[in-house]
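Residue-level structural notes
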Amino acid sequence: MTLMKACAICQQAYSDDVEFCTRDGTRLAAEFREERECPYCAEWILKKARVCKHCGHDVKPWVKAGEFEGEVRVNPKDGLKYVWIPPGSFEMGCSPGDSECEGDEKPPHQVTITKGFWLGQTEVTVGAYKRFAAGTGKAMPTAPDFNPGWSKDQMPIVNVSWEDAQAYCAWAGGRLPTEAEWEYAARAGSTEARYGPIDEVAWHSNNSGERTYEVGQKRPNGFGLYDMLGNVCEWVNDWFDENYYQNSPSQDPPGPASGGVRGLRGGSWANYGRLVCVSYRLRGDPTVRFQIIGVRCAREGEIP
């Protein structure tokens, strides 16, 4: 923090020797200047600014970690950005007007997420997984042909089992999201099957060229999350039960108490359009490793 002056009206910052704001003439008062990163352009702005002076985007004033949706923080453990997802309610399952839903997506039902949480802004990258491997002594998984030798650090990690994914998230100070948390975050307030036209938001079988892409290249959803659809399928914490929606709790559903396979969400670069939507439920043996499967972590509490 440095001693600066800021206009109480427009939040423009000035050095200590300036007496009046050049924009609106307001007399300036000296204060300690606390800054944060703009979630749109990554330039530094005042924590209480409402408009980024660099890119012009409206931004919500910073109060305390986790007090507004879309706040972005870097997890010092894995170096990835995490987004604050506020508590709220949504309709989980088959989207209104979606005539292609499978039986396990029904019935659509109201769910309330009672506690906010952090969620990775992107899927876990190869670079972040290398930090995990180096820090724990765990071997890297087998590299796919489209990322030989794991040379492309910004691509999503693949060939990770549910157990690998769980271990990574625990190391990073977090956990796997529940299936309900994942869908709530993926929808980000939308009731549609996708949060935008499929080619704008996802890498899938018709546009991927049979490979993954660097994370964050497609349009984000309303919470500022990238690749919630497509690129790689993402493990969730829950056991999978095709009949779970018929009697699942309406608040913070944890998933079945036991099972044989774990849930996967979002679809991948190898899946066709129907599988690449917010309600579609995939599943896999917790020990399997495929080139279409990756991970995104959730986290509770403060990120320093």
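Okay, so let's go over this structure.

Quick notes on the rules
- The residue numbering used here restarts from 1 in each chain and proceeds along that chain's sequence as written.
- In keeping with the predicted nature of the model, local features appear solely for residues at pLDDT of at least 70, side-chain atom pairs appear and are counted solely at 80 or more, and the whole-chain, interface and lining totals rest on all residues.
- Each side-chain value is derived from all of the structure's non-hydrogen atoms; neither hydrogens nor water enter the calculation.
- Each helix is a run of H or I in the DSSP string that is no shorter than four residues. Each strand is a run of E no shorter than two, and both are numbered from the N terminus.
- By definition, residues are in contact when any of their heavy atoms lie within 4.5 Å.
- Surface exposure here means Shrake-Rupley accessible area, sampled with a 1.4 Å probe, where a residue is shielded only by the protein chains that are shown.
- For two strands to pair, DSSP has to find at least two bridges joining them.
- Fitted lines through C-alpha atoms give the axes, limited to the stretch in contact for helices. The angle between two N-to-C directions lies from 0 to 180 degrees.
- In this description, the term disulfide denotes a pair of cysteine sulfurs within 2.5 Å.
- To sort residues, take the accessible area from a 1.4 Å probe on protein chains only and compare it with the maximum for the residue type: under 20% means buried, over 50% means exposed, and anything in between is partly exposed.
- Two N or O atoms count as a polar contact when they lie within 3.5 Å, although within protein this holds only if one can serve as hydrogen donor and the other as acceptor, and sequence-adjacent residues are included solely when both atoms are side-chain atoms.
- Salt bridges are counted wherever a side-chain nitrogen of Lys or Arg sits within 4 Å of a carboxyl oxygen of Asp or Glu.
- The nonpolar core is taken to be a set of buried Ala, Val, Leu, Ile, Met, Phe, Trp, Tyr and Cys residues, with the residues joined through side-chain atoms within 4.5 Å.

Bringing the overall build of the protein into the picture now. Looking only at helices and strands, one finds four helices and 15 strands in the protein. A separation of at least 24 residues holds for 63% of the contacts in the protein among residues at least 6 apart in sequence. Surface exposure of the protein reaches about 13700 Å², of which carbon and sulfur atoms provide 48%.

This part takes up the sheet that holds strand β12 (residues 262–265). With respect to topology, four strands assemble into an open sheet ordered β13-β12-β11-β14, the strand pairing being mixed. Unpaired on one side and paired on the other, β13 (281–284) and β14 (293–294) mark the two borders of the sheet. Two strands pair when backbone bridges link them, and β12 and β13 are joined in this way by four bridges, in the antiparallel orientation. Note that in β13 the partner of Leu 264 across the bridge is Leu 282. Sheet strands in contact with helix α3 (residues 179–187) are β11 (233–239), β12 and β13, and its direction is about 140° off that of β11.

Quick look at the state of the cysteines now. Within this structure, the stated rule accounts for two disulfides. Put simply, Cys 169 and Cys 297 are joined by a disulfide, and their sulfur atoms are 2.1 Å apart. Since a negative S-S torsion denotes a left-handed disulfide, the Cys 169-Cys 297 link at about -85° is left-handed. Pair noted here: Cys 169 is in helix α2 (residues 162–171) and Cys 297 is in the loop between β14 and β15 (298–299), with a separation of 128 residues, a long-range link. Cys 169 sits in the buried class, given a relative accessible area of 0%. Here the cysteine-cysteine linkages of the protein are recorded as 1-2, 3-4, numbering only bonded cysteines and doing so in sequence order. Looking at Cys 55, it has no disulfide partner, and the nearest cysteine sulfur is the one in Cys 52, 3.7 Å off.

On to the side chain of Thr 125. Here Thr 125 lies in the loop between β10 (117–120) and α1 (126–136). Looking at Thr 125, its side chain comes within polar contact range of the main-chain nitrogen of Ala 128, at 3.1 Å. With near-sequence residues (within four places) excluded, Thr 125 lies in contact with Leu 80, Asp 153, Gln 154, Met 155, Pro 156, Ile 157 and Val 215.

Now for α3. The element α3 is largely enclosed, with a buried count of nine among its nine residues. Within the sequence span of α3, burial applies to Glu 179, Ala 180, Glu 181, Trp 182, Glu 183, Tyr 184, Ala 185, Ala 186 and Arg 187. Ala 188 lies just past α3 and shows a positive phi near 50°.

Right, let's get into the pattern of salt bridges. Two side chains carrying opposite charge are able to pair once their charged atoms lie near each other. Under the counting rule described, the total for this entry stands at 16 salt bridges. Linking Arg 283 and Asp 104 is a salt bridge whose minimum nitrogen-to-oxygen distance equals 2.8 Å. Within this pair, whereas Arg 283 is found in strand β13, its partner Asp 104 is found in the loop between β8 (88–92) and β9 (109–113), the two being separated by 179 residues in sequence. Residue classification places Arg 283 among the partly exposed positions, given a relative accessible area of 39%. A relative accessible area of 10% places Asp 104 in the buried class. Across the salt bridge formed by Glu 234 and Arg 296, the nearest N and O atoms sit 2.8 Å from each other. Of this pair, Glu 234 sits in strand β11 while Arg 296 sits in the loop between β14 and β15, and the two are 62 residues apart along the sequence. Judged on exposure class, the residue Glu 234 and its partner Arg 296 are both buried.

Let us look at the side chain of Glu 234. The exposure class of Glu 234 is buried, given its relative accessible area of 0%. Those residues in contact with Glu 234, other than ones at most four positions away along the chain, are Glu 123, Trp 182, Asp 227, Met 228, Gly 263, Leu 264, Arg 265, Gly 294 and Arg 296.

For the rest of this paragraph, the subject is α1. Restricting attention to buried positions, one finds in α1 the residues Val 126, Gly 127, Ala 128, Tyr 129, Phe 132 and Ala 133. Where α1 is buried, its residues contact α2. Just downstream of α1 lies Gly 137, where phi reads positive at about 80°.

Right, let's talk about the nonpolar core for a bit. Grouped together as the largest cluster of nonpolar side chains are 36 residues, with contacts concentrated most on Val 124, Ile 157, Tyr 168 and Val 295. Within the residue set of this core, elements represented by two or more residues are β7 (81–85), α1, α2 and β11. Sorting elements by how many residues they give to this core places α2 first, with five residues. Once you skip the residues sitting within four places of it in the chain, Tyr 168 turns out to touch Asp 78, Leu 80, Val 124, Ala 128, Tyr 129, Phe 132 and Cys 297. Within the second largest apolar cluster, 27 residues are counted, among which are Tyr 184, Phe 223, Leu 225 and Val 236.

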